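Examination of the molecular architecture
Residues per chain, in single letters:
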Amino acid sequence: MISIDRSIIFQIINFLVLVALLFRFLFKPVVQALDKRSNHIREEMEKIEKEKKAAEEMRLKYEEESKNIQIKFQEMQELANQEAVRIKSKIIDEAYQESEKIKQTAEEKARIEIDKLYSELKLDIIDISTEMAAKLLHERIDISKQDQLIEQLLEEAIGKIEIKSDVQYGQQQ
Amino acid sequence: MDSSNKEIVKFITPFPMTELQKNIVKNKLSRIGNIDQMIFQEEVDTSLIGGIIIIFGEMLIDCSLRTQLDKIKEGMI
């Protein structure tokens, strides 16, 4: 028969008590601490994930805003270009009209000046021509030509006076 | 005949008038008036060039070449 030493039983009981005590005061807190640590890490991870997600959303938002700004900038640039073209066209048009007005005024002045000069020249030519004719006639008129002139010109004048007198006499009758 | 009733007739010519010219003029004037009632005066104005101007009462008979030229000149202007 196998005899069981009491000391062995006692040692087993001691061991079991030790295990129970270790489980109660060492293993359980360690497990709790590990769980707590694990939870903390998980929470941190979730927090980081959330922040990462928020950062991504923020990045997307910024990209969208950047695109919108770019589009808006292009639209404004397009409008500015259109306005610049319009202003340029207006300035060119106004300058053209102004130049046309100046040209017309200058042409009108030139025309008036030419007309004036033409009139003066015409008068000068007429004066010179008549004076030359007078001088030529003066040189060529002699007594016999004077006789003819008096005869012809006076005949015409007296003839007119006679016709006029006849008409007046007829009206009185 | 009383000379105070006579009418003065003035001849203006570029040269002194010859007798022939005076006769021509008097002959012409006799058609419009009585030359016996006229006293003739003569004046020389070389600017007339040719022809004659007769001042007869209020009547002016201008037969000068100067006037003819002036009329041509006015027509050209």
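Numbering of residues begins from 1 in every chain and follows the order in which that chain's sequence is written. For naming, the first written chain is A and the first written ligand is 1, with later ones following in the order written. Residue-level local features of this predicted model are given only where pLDDT is at least 70; pairs of side-chain atoms are given and counted only at 80 or more, and the full residue set underlies all totals for whole chains, interfaces and linings. Water and hydrogen atoms play no part in the side-chain values, which are based on all heavy atoms of the structure.

Here's the deal with the overall build of chain A
Helix and strand labels come from DSSP, where a helix needs a run of H or I of at least four residues and a strand needs a run of E of at least two; each type is numbered from the N terminus. A count of helices and strands for chain A gives 2 helices and 0 strands. Relative to the compact-globule value of 16 Å for 173 residues, chain A shows a C-alpha radius of gyration of 67 Å, a clear excess of over 25%. Whether a residue is buried, partly exposed or exposed follows from its accessible area with a 1.4 Å probe, protein chains only, as a fraction of its type maximum: under 20%, in between, or over 50%, in that order. Considering chain A as a whole, with its 173 residues, one finds that 8% of them fall into the buried category. Split by element, the accessible area of chain A, about 15600 Å² in all, is 61% carbon and sulfur. For chain A, the separation between the mean place of its 28 positive charges and that of its 35 negative charges on side chains is 20 Å. As defined in this context, the radius of gyration uses C-alpha atoms, and a globule is described by 2.2 Å times the residue total to the power 0.38. For the area figures, the Shrake-Rupley method with a 1.4 Å probe applies, and any residue is considered shielded solely by the protein chains shown. Counting rule applied: Lys, Arg positive; Asp, Glu negative; His and chain ends not counted. Charge placement uses NZ in Lys and CZ in Arg. For Asp and Glu, CG and CD serve respectively.

Topic: the overall build of chain B
Within chain B, the regular secondary structure consists of 2 helices and 4 strands. Taken over 77 residues, chain B has a buried fraction of 36%. A contact between two residues is defined here by any heavy atoms of the two lying within 4.5 Å. Across chain B, contacts joining residues at least 24 apart in sequence account for 66% of those joining residues at least 6 apart. Taken as a whole, chain B presents about 4300 Å² of accessible surface, with 50% of it coming from carbon and sulfur. Counting 9 positive and 11 negative side-chain charges, chain B places the averaged centre of each group 5 Å from the other.

Digging into the layout of surface pockets
Here a cavity means grid points, on a 1 Å grid over the protein atoms only, where a 1.4 Å probe fits yet cannot get out; a pocket means an open set of points with protein on both sides within 12 Å along at least five of seven lines; lining residues are those with an atom within 4 Å of a point. Grid points are joined across faces, edges and corners, and a volume is the space filled by probe spheres set on the points. Taken as a whole, the largest pocket encloses approximately 240 Å³ of empty space. As for the largest pocket, its lining consists of L153(A), E156(A), A157(A), K160(A), I161(A), M59(B), L60(B), I61(B), D62(B), C63(B), Q68(B) and K71(B). Of all the secondary structure elements, the ones that give two or more residues to the lining of the largest pocket are helix 2 (143-172) of chain A together with strand 4 (59-64) and helix 2 (65-76) of chain B.

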